[in-house]
Amino acid sequence: MDMTLDAKGLACPLPIVRTKKAMKELEEGRVLEVQATDPGSTADMKAWAEGMRHQYLGTVEAEGVLKHYLRKASGEEGQERQFAEVCSLAELEQKLDSADPFILLDVREPAEYVFGHIPGAVSIPLGELESRSGELDQSKPVYVICRSGTRSDLAAVLLKRAGFQQVINVVPGMKEWSGYIRSQL
């Protein structure tokens, strides 16, 4: 997470009011952790995030404190894609069911990955990809996924420039994935 907001002891609507203010301070794509004790705050956070087009990542409860994770909207859905080699989620499912060796690279932020990812996916956030691309086997096809297909598009371009021959951008990404996901919570 990139910022923590203490909303413990506050009742509706104050956790949302403070969350709204905190989100204004965050850069697009960054993650806010909101700590609250109001049991109704989970439903409130989900609804508010959806209405504001932010991404509700999930909630974890620890010692009576609800930790809500929200990713600030980035407008990434409207950006134009540059990378030509793409596959659909249905094609990715077929690939996952095959015995063909490949790498599924998830370039979302760590908090997004923790709350749900495709089993077997390798997590390297986009911002770390240039320095960590050596962790990937260039002899295998690399299928790149993110939330909407935009960060994975940028990642695919970076990998091609780094010498990877078989790179495929998975669109539209995890926001529409309906298959099995694994959570690390």
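Relevant structure appears above.
Before going into details, it helps to say that this report is about the structure given with it. (Residues numbered from 1 in each chain as written. Predicted model: local features only at pLDDT ≥ 70, side-chain atom pairs only at ≥ 80, totals over all residues. Heavy atoms only, no water.)

Following the sequence through the fold, Gly116 ends up in the loop between helix H4 (110–115) and strand S7 (122–123). Given a relative accessible area of 7%, Gly116 falls into the buried group. Sequence spacing of Gly116 and Val157 is 41 residues, and the spatial spacing of their C-alpha atoms is 25 Å. (Helix = DSSP H or I, 4+ residues; strand = E, 2+ residues; numbered from the N terminus. Buried < 20%, exposed > 50% of the residue type's maximum accessible area, 1.4 Å probe, protein only.)

Quick look at the packing of helix H1 (residues 14–25) against helix H2 (residues 41–52) now. Running from N to C, H1 and H2 cross one another at 40°; their axes reach a closest spacing of 10 Å. Taken together, H1 and H2 sit at an angle that is classed as oblique. Viewed along their axes, H1 and H2 form a crossing whose handedness is right-handed. Within the contact between the two elements, H1 uses Pro15, Ile16, Thr19, Lys20 and Met23 and H2 uses Asp44, Met45 and Trp48. Of the residues that constitute the contact of H1 with H2, the class distribution is five nonpolar, one polar and two charged. (Axes fitted to C-alpha atoms, helices over the stretch in contact; angles between N-to-C directions. Parallel < 35°, antiparallel > 145°, perpendicular 65-115°, else oblique. Left-handed = near helix turned anticlockwise from the far one by under 90°. Contact = heavy atoms within 4.5 Å. Nonpolar A, V, L, I, M, F, W, Y, C, P; charged D, E, K, R; others polar.)

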